[in-house]
Amino acid sequence: MGNFNFQELVSAFIVLFAVIDIIGAVPIILDLKQKGRAVNAVKATLIASSLLVGFFFAGDMMLKLFQVDIASFAVAGAFVIFLMSLEMILDIEIFKNTGPIKEATLVPLVFPLLAGAGAFTTLLSLRAEYASVNIILALALNMVWVYIVLKLTDRVERLLGQGGIYIIRKFFGIILLAISARLFTANLTQLIEQFQQLK
């Protein structure tokens, strides 16, 4: 599992916090509630946590099955994070939810808001840089935060206001953009070194 490192824990927490973006999802959750689609905070948190932890540990086997290394996946993940940051900064929709399931707790809350492609790729991308124990702890802390926000959605909106939520979304969009650039350059360098060793 590697060694505990507080700096890695904080960095991983911030990355996952920005990707999961539960604060940015508050308006979506409120809209679901207004449409009469109940959201179960406990169920949503537990399902999302199970899926993310499961993918974190089994993702390697899945990559090996398709003969993809973590560095390559991290570069692909950097592109996904880059697109997510563009969504947040430019107020555009790139990832569309067109699935047939209408239950709000599962879709769109668990998929794709909490445990979507961005969170999956980010987890494996982080594995290329941080010890597993720090990423799992960061994920657990994020899931506690997700549960609190889901339980207190109305209060969070009143506390931050529409303007506050908007500013936070923009801020973390810029953070994600910087993270995607760092992930891309760091892992691309590693891929180039691997390619040169093969020659």
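1. With respect to the nonpolar core
1) Next: Residues I22, L52, L150 and L176 are the most contacted members of the largest nonpolar core, which totals 51 residues.
2) Next: Elements that contribute at least two residues to this core include exactly α1 (6-20), α2 (26-34), α3 (41-65), α4 (70-90), α5 (105-114), α6 (117-127), α7 (132-151) and α8 (153-198).
3) Next: Per element, the largest residue contribution to this core is eight residues, and it comes from α1.
4) Next: Residues contacting L176, with those up to four places away along its chain left out, are V15, A18, V19, I81, M84, S85 and M88.

2. Topic: unusual backbone geometry
1) Next: Of note in this structure, Q67 is not a glycine but carries a positive phi near 55 degrees.
2) Next: Along the chain, Q67 turns up in the loop between α3 and α4.
3) Next: The backbone of D91 sits at a positive phi, close to 55 degrees, despite the residue not being glycine.
4) Next: Take D91: it is sitting in the loop between α4 and α5.
5) Next: Its relative accessible area of 47% is what places D91 among the partly exposed residues.

3. What to know about the packing of aromatic side chains
1) Next: Per the counting criterion, the structure on display carries seven aromatic pairs.
2) Next: For the pair F17 and F172, a centre-to-centre distance of 5.0 Å together with 55 degrees between the ring planes defines the contact as tilted. In this pair, F17 sits in helix α1 while F172 sits in helix α8, placing the two residues 155 residues apart along the sequence. Just as F17 is buried, F172 falls in that class too.
3) Next: F172 gets classed as buried once you look at its relative accessible area, which sits at 13%.
4) Next: Of the aromatic side chains, those joined through ring pairs into one cluster are F13, F17, W145, F171 and F172.
5) Next: Above the ring of F56, the side-chain terminus of R127 is found at 5.0 Å from the ring centroid.

4. Structural notes on the confidence of the model for the protein chain
1) Next: On average, the protein chain scores 83 in pLDDT, and the residues at 70 or more come to 90%.
2) Next: Within the protein chain, the element-level pLDDT minimum falls on α2, averaging 73, and the maximum on α7, averaging 95.

5. A look at α3
1) Next: Helix length check: α3 (25 residues) gives 34 Å between terminal C-alpha atoms against 36 Å at 1.5 Å per residue, within 8%.
2) Next: Of all the bends in α3, the greatest measures close to 50 degrees and is centred on A58.
3) Next: Of all the residues in α3, the buried ones are A41, A44, T45, A48, S49, L52, F55, F56, G59, D60 and L63.
4) Next: Where α3 begins, one side-chain oxygen reaches toward the backbone nitrogen of V42, 3.2 Å away; that side chain belongs to N40.

Rules used in this analysis
Residues numbered from 1 in each chain as written. Predicted model: local features only at pLDDT ≥ 70, side-chain atom pairs only at ≥ 80, totals over all residues. Heavy atoms only, no water. Core = buried A, V, L, I, M, F, W, Y, C linked by side-chain atoms within 4.5 Å. Buried < 20%, exposed > 50% of the residue type's maximum accessible area, 1.4 Å probe, protein only. Helix = DSSP H or I, 4+ residues; strand = E, 2+ residues; numbered from the N terminus. Contact = heavy atoms within 4.5 Å. Phe/Tyr/Trp six-rings, centres within 6.5 Å; stacked < 30°, edge-to-face > 60°. Lys NZ or Arg CZ within 6 Å of the ring centre and 35° of its normal. pLDDT = per-residue confidence, 0-100. Expected span 1.5 Å × (residues − 1). Bend = angle between axes of the 7 residues up to and from the residue. Polar contact = N/O pair within 3.5 Å; in protein donor to acceptor, adjacent residues only side chain to side chain.

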